[in-house]
Structure formats: C-alpha cells, structure tokens
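Summary of structural features
Here is how the chains run, residue by residue.
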Amino acid sequence: MKETSPYNRIHVYLTVVMMILITVCSAFMIVWTQQQITRSAQRSQSLESDMAETVRKLRYLDERIAAIHQPVVLQGKVAGTLRPSVERQVVWVQERKLPEGRAYAVSDPYEATIDLAFVDLESAQ
C-alpha cells in the first residue's frame, strides 16, 4: 500500500474545511437575503398603503372642489350681492402696477392664492 504524503493529507483536510466553510457562509447569506427580501416587501407594502391613502384624500378633495364649483352653489354664494347690469352702466376698476405686470382690482399687492397642486399633504399631517 502506498503511503500518502503529509502534503496530500493537508491538501485534503484544507479542501474539506473550505467546503464546510463555504457551505456555512452560503447558508448565512441565504438567510440574510431572505430577511432583506422580507424587509423590502414590508417597506413596499407600507409605501403602497400610504400612496392609496394619498390617492383617497386627493379624490375626496377633487370631489369637494367639483361640488363647490357647481353653478348652483356659486349662484347661492352671490345671490344677494349681484344684480343685472344697467344698459348704460359704466364700471370703473382701479388699476395697479405690480412688479410682474399689470393687475386689476387687487386688494393686496402681495396677495397669493393656494394652488392645491403645490400643497404637500405629508407635511400637513
């Protein structure tokens, strides 16, 4: 029988140890990857629910805006203040010169309106 050299024994031993080490490291990496997938799925679910809530709020606001801009509602708001114009009536409008151009009948030169497209709903909560 042929005797194996110490070099061959060490080579076989190191090969077995490396195979075990690679197997253990691979198992840990699989577990870590599964945890990362679970965290990503939970985060995605949270973002989807936040987005659904935001869409629901936007639909509600759109419905309110549409209801407020109905002609019947607008007529009700100005019912006591408007009257038909007289045929030879002259209406004077005070003109103001603003830095960005001309504006008519502005009560405050720095008056601004809120555009709902620029409202950040997240910061309002």
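Since this is a predicted model, take the numbers as computed values, not measurements.

1. Some remarks on the overall build of the protein
The helix and strand tally for the protein stands at 2 helices and 2 strands. For the protein, the N- to C-terminal ordering of α and β elements is α-α-β-β. Expressed as a percentage of the 125 residues in the protein, the buried residues total 3%. Surface exposure of the protein reaches about 12,300 Å², of which carbon and sulfur atoms provide 62%.

2. Quick notes on a nonpolar patch on the surface
The grouping of Val12, Val16, Ile20, Val24 and Phe28 at the surface amounts to a nonpolar patch, some 480 Å² of accessible area in total. Structurally, Ile20 can be placed in helix 1 (residues 6–68). Here Ile20 falls in the exposed class, since its relative accessible area comes to 52%.

3. Considering the pattern of salt bridges
Overall, the coordinates contain 1 salt bridge when judged by the stated rule. The closest approach of N and O atoms between Arg56 and Glu53, which form a salt bridge, is 2.5 Å. Of this pair, Arg56 and Glu53 both sit in helix 1, separated by 3 residues, roughly a single helical turn. Judged by its relative accessible area of 32%, Glu53 falls in the partly exposed class.

4. Side note on the confidence of the model for the protein
For the protein, the average pLDDT comes to 80, and 73% of its residues sit at 70 or higher. Per-element confidence in the protein is highest for helix 1, whose mean pLDDT is 95, and lowest for strand 2 (residues 101–104), whose mean pLDDT is 54.

Thresholds applied
Residues numbered from 1 in each chain as written. Predicted model: local features only at pLDDT ≥ 70, side-chain atom pairs only at ≥ 80, totals over all residues. Heavy atoms only, no water. Helix = DSSP H or I, 4+ residues; strand = E, 2+ residues; numbered from the N terminus. Buried < 20%, exposed > 50% of the residue type's maximum accessible area, 1.4 Å probe, protein only. Areas by Shrake-Rupley, 256 points an atom, 1.4 Å probe, with all protein chains shown as cover. Patch = residues over 30% accessible without salt bridge, like charges linked within 9 Å, V, L, I, M, F, W, Y side chains within 5 Å. Salt bridge = Lys/Arg side-chain N within 4 Å of Asp/Glu carboxyl O. pLDDT = per-residue confidence, 0-100.

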